[in-house]
Amino acid sequence: MKNWLAAGLTAFLSTAATAQPWTEAEMQSRTAEIATRYLAVWSSDAWNSVEGVPYVYGPRVRFYGQDFSQADLMAEKRRAIRQWPSRRYVHRPGTLRVQCNMPRQRCVASSTTDYSVSNPARGTAKSGSALFDLGVSFAGPKPVILFEGGSIGRRRV
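Computed from a prediction, not measured in an experiment: that's the story for all the values here. (Residues numbered from 1 in each chain as written. Predicted model: local features only at pLDDT ≥ 70, side-chain atom pairs only at ≥ 80, totals over all residues. Heavy atoms only, no water.)

**Q** Honestly, the environment of T31 in this entry has me stumped. Any pointers?
**A** Tracing the chain through its elements places T31 in helix α2 (residues 24-42). Among residues more than four places away in sequence, those in contact with T31 are V98, C107, V108, A109, V136 and F138. Engagement of the side chain of T31 in a polar contact is seen with the backbone oxygen of M27, the distance being 2.8 Å. (Helix = DSSP H or I, 4+ residues; strand = E, 2+ residues; numbered from the N terminus. Contact = heavy atoms within 4.5 Å. Polar contact = N/O pair within 3.5 Å; in protein donor to acceptor, adjacent residues only side chain to side chain.)

**Q** Before we go on, may I ask you to explain the nonpolar core in this structure?
**A** Soluble, globular proteins show a tendency: their nonpolar side chains are buried together. Of all hydrophobic cores here, the largest spans 27 residues; its most connected members are Y38, Y57, L73, L134 and I145. Those elements that place two or more of their residues in this core are α2, α4 (53-56), β1 (57-63), α5 (70-83), β4 (97-101), β5 (106-119) and β6 (124-137). The greatest single-element share of this core, amounting to six residues, is contributed by α2. (Core = buried A, V, L, I, M, F, W, Y, C linked by side-chain atoms within 4.5 Å. Buried < 20%, exposed > 50% of the residue type's maximum accessible area, 1.4 Å probe, protein only.)

**Q** What is the right way to look at α5 in this model?
**A** Given 3.6 residues per turn, any residue in an α-helix points the same way as the ones three and four places further on. Compared with the 20 Å implied by 1.5 Å per residue over 14 residues, the 20 Å span of α5 between its first and last C-alpha is a close match. The set of residues buried in α5 consists of Q70, L73, M74, K77, A80 and I81. The arc that holds the buried residues of α5, viewed along the axis, is 120°, so those residues lie on one side. Seen from the buried face of α5, the exposed residues on the opposite side, beyond 90 degrees, are A71 and R82. (Expected span 1.5 Å × (residues − 1). Arc of directions from axis to C-beta.)

The following block contains the structure:
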């Protein structure tokens, strides 16, 4: 069973299909909302956040520089959750930007995210900021995430 945040993101993406054909302003607004909800889901309940992958990602995803099937992406996210069961990610205020390619019906949300992750069982934690990019396609029956990426260690101001 998906948690309420994952269910909310899934429902948001499913009902978004009624807005086609998309205007650029609608795509920009939806992409910003998807990116914000995505971070909220990933910051929530440890295992339930993985269950939404088949509903919100395309069949193939570019994930931090590597191509993944949905099954592989779910395995990667489970690995990350085992390493960092407690996670909090938020867009730094004022940094979220969205650019759209209207002919391809795709948008990219980019921001600086502030994060803190921990593993209480191991007594480990870290925090900082990272660049975050999320690519969304509006070309199909509902918006889907095509890629996620970014980097830690370089600040975007």
